[in-house]
Each structure stands twice: as C-alpha cells, then as structure tokens.
Amino acid sequence: MKSGFVNIFGKPNAGKSTLLNGLLGEKLAIVSSKVQTTRHRIKGFLTKADEYQIIFSDTPGIIEPKYKLHEKMMGAVKSALEDADVGILLVDVTDNLEQCNELFTSLRLKVPCIVILNKTDIAEKELVDKAKAYFETQPYCKKTLGISALNQKIFSTLLSAIIELLPEGLPFYSEEELTDLPVKFFMGELIREKIYQLFGDEIPYHSAVLVNSYKEKNTLVKIQADIIVQRETQKVILIGEGGKMIKKIGTLARQDMEKFLEQKVFLELFVKVRAKWRDNEAQLKEYGYN
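A. Quick look at the packing of aromatic side chains. Inspection of the entire model under this criterion finds 10 aromatic pairs. With 5.1 Å between their ring centres and 65 degrees between their planes, Phe5 and Phe172 make a pair best called edge-to-face. A residue pair is termed long-range when its members are at least 10 positions apart, and Phe5 in strand 1 (residues 2-10) and Phe172 in the loop between helix 5 (152-165) and helix 6 (183-198) qualify at 167 residues. Owing to a relative accessible area of 12%, Phe5 belongs among the buried residues under this scheme. A ring pair is formed by Trp277 and Tyr287, whose centres lie 5.9 Å apart and whose planes are at 75 degrees; its orientation type is edge-to-face. Taken as a pair, Trp277 in the loop between strand 9 (264-273) and helix 10 (281-286) and Tyr287 in the segment after helix 10 lie far apart in primary sequence, 10 residues in all. By relative accessible area, which is 0% here, Trp277 ends up buried.

B. Structural context of the state of the cysteines. Per the counting criterion, the structure on display carries 0 disulfides. Here Cys113 is not cross-linked by a disulfide; its sulfur's nearest cysteine counterpart is in Cys141, at 8.2 Å. Residue classification places Cys113 among the buried positions, given a relative accessible area of 0%. With a relative accessible area of 13%, Cys141 lands in the buried category.

C. Representation of the nonpolar core within the structure. Ranked by size, the top nonpolar core spans 54 residues in total, and within it Leu19, Phe56, Ile191 and Ile227 carry the most contacts. Residues contacting Leu19, with those up to four places away along its chain left out, are Ile8, Ile88, Leu90, Ile116, Ile147, Phe155 and Leu158. Core analysis: the second largest hydrophobic core is formed by 33 residues, Met74, Cys113, Leu117 and Tyr289 among them.

D. Up close: the sheet that holds strand 2 (residues 42-48). Judged by pairing direction, the sheet is mixed, and its 6 strands sit side by side in the order 2-3-1-4-5-6 without closing on themselves. Lying at the two open borders of the sheet, with one neighbouring strand each, are strand 2 and strand 6 (141-147). The average angle at which neighbouring strand axes cross in this sheet is 20 degrees, direction not considered. Bridge count between strand 5 (residues 113-118) and strand 6: 6 bridges; the pairing is parallel. When the bridges of strand 6 are listed, Val115 appears paired with Thr144.

E. View of the sheet that holds strand 9. Taken in spatial order, the 3 strands of this open sheet run 7-8-9, and their pairing is mixed. Single-partner strands in this sheet number two, and they are strand 7 (208-216) and strand 9. Within the sheet, the average angular offset between the axes of one strand and its neighbour, ignoring direction, is 15 degrees. Strand direction decides the pairing type here: strand 7 and strand 8 (residues 220-229), joined by 8 bridges, are antiparallel. Along strand 8, the bridge assignment pairs Ser213 with Gln224. Against the sheet, helix 6 touches strand 7, strand 8 and strand 9, its axis set at about 135 degrees to strand 7. Contacts from helix 8 (residues 232-239) reach strand 8 and strand 9, with the element oriented near 155 degrees to strand 9.

F. The arrangement of the side chain of Asp92 in detail. Position of Asp92 among the secondary structure elements: in strand 4 (residues 86-92). For Asp92, the side chain forms a polar contact with the side chain of Thr94, separated by 2.6 Å. Looking at Asp92, its side chain comes within polar contact range of the side chain of Lys119, at 3.1 Å.

The rules behind the values
Residues numbered from 1 in each chain as written. Predicted model: local features only at pLDDT ≥ 70, side-chain atom pairs only at ≥ 80, totals over all residues. Heavy atoms only, no water. Phe/Tyr/Trp six-rings, centres within 6.5 Å; stacked < 30°, edge-to-face > 60°. Helix = DSSP H or I, 4+ residues; strand = E, 2+ residues; numbered from the N terminus. Buried < 20%, exposed > 50% of the residue type's maximum accessible area, 1.4 Å probe, protein only. Disulfide = S-S within 2.5 Å. Core = buried A, V, L, I, M, F, W, Y, C linked by side-chain atoms within 4.5 Å. Contact = heavy atoms within 4.5 Å. Pairing = 2+ DSSP bridges. Axes fitted to C-alpha atoms, helices over the stretch in contact; angles between N-to-C directions. Polar contact = N/O pair within 3.5 Å; in protein donor to acceptor, adjacent residues only side chain to side chain.

Listed below in structure tokens is the structure:
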C-alpha cells in the first residue's frame, strides 16, 4: 500500500483550495477570488482500501508576514514543508514564471514535486508550452501537468502521478475519515467565506470567526458564532442597515452548513470589535491560530 503527505504550495490565489476540493470531491477548503483566503493548513484524506491513502494539505499562499496572524499562516506552510512526501507546486500559468520559480526554490523541498500549471483552459497554447518547458528544467520538478479547475480527467492523471511518487506504508487514518479537523472549524470557515464573498477588500482581512457553541439537537444543529472585527465602523458595515448584511451572511452560511452537515441548522451570529486582534497573541490563540 502507498501512503503519505502530499502538500500543495503556491502564491496567494493560485487555486490551491479549488484543487484540494476537486481532488477530494468534497468542499473542505473555502474559496474566494480574494488573495489570502486560506489561513490554516487544511488536511483532507483520500483513501482507497489496500491501495493508497493520500493526505492532501491545502496551505496558505506564501507571503511576507506583516502581522502576527501572517506569521501563524506562514507557520502552517512551514509545518507542511517539514512532513511532505510529495510537493504539489501550483502555478497560475498567466503569472510571472521567474517569481514562481524563486518562491519554489526558496521552499528548499527535498521531496519529488509535481508542478501544476493552472488555468490552462483560458491561456494561449504558446504560453502553456513555454511554462511547461521552463519548469521542466528546474531541479525540484519531477513532472509538469496542465489543469483547469474542473477537469476530472486531469485529476485522475494527477492522482496516478502522485501515487507513483508516494512511499509504501500503512495508512495514517481510518478509511472513513476525511479530515483531522473538527466540524466546528468548518462551520467557522463557511461564515468567513461569506464575508470574503460579500464585502470589499478591507473587511475580510480584518475579520475572524469564533464558533462558541455547536449543539446537536434531535431535529437540528444549533450554532452560535461571533464575527470579530478591528473597528466599530467595520461592525456597522457587517451588520448593515436594519441588520440586512448580517442576515445575508447568516442565510448563505446556514445554507452551506446544511449541505455540509446534511441536517437543518439554526445559526445565530454576533459581531464584536477587538482592536488589533491580528497582532494579539492571546486573541489569535482564542480564534484558532495556534
């Protein structure tokens, strides 16, 4: 049996979360068009009895830290670098190739890596061929593959390439498990995703979500969560006139929660102000950034 850790690295907004969800056939990582949506290392397990167990990790996009929150995010990348058996290096094919190469070289990965060229469906063939030829000459690259986010045929080619590079070993997790993160974590992420989708550039980066309670009742799941922001003005925007925006966040998040849990959900949201939480060690810990 083959088993091991396959960790996905790349610049912010390269499409890492979309790739993880596509490979697993489940939505574990939240997705938005904004950079730095992923803040944690999110593991998802793909197991086929007696054949393989692949522990995929989506990691935050690699950035220069400006706050303690960023340092925690880059700590998640570091942990993924340390236990990788195979690296997936994801490149937006329209991006600056030299910059991507510098970033991948700086990771100093000592394991075989597959370079994946994303968005090949919308790029000119000449550009794709150039990127392929460029990365194939790099010492860290074992293989290059072009993908578009929803191409299932390419996923099976990628899986075969990964399995070939994985070491032999026993599974780390039981066949039924999909992730090692608690359900509460995913509920908080679904709320945070809606903030990224509904608001402009500033608010998503200044907000965090804390799920205070998760109670399973006979007919539904009761969830209470706080949305944390840095300033009163942000709180006013999140709530909206007559509570219109907070209601919209709650409705959209609840719909996704019900799909995820396959159960009815009662969701209660509050908005709280915690000045400079992104640089406060104790508050970061409370909000799950260890």
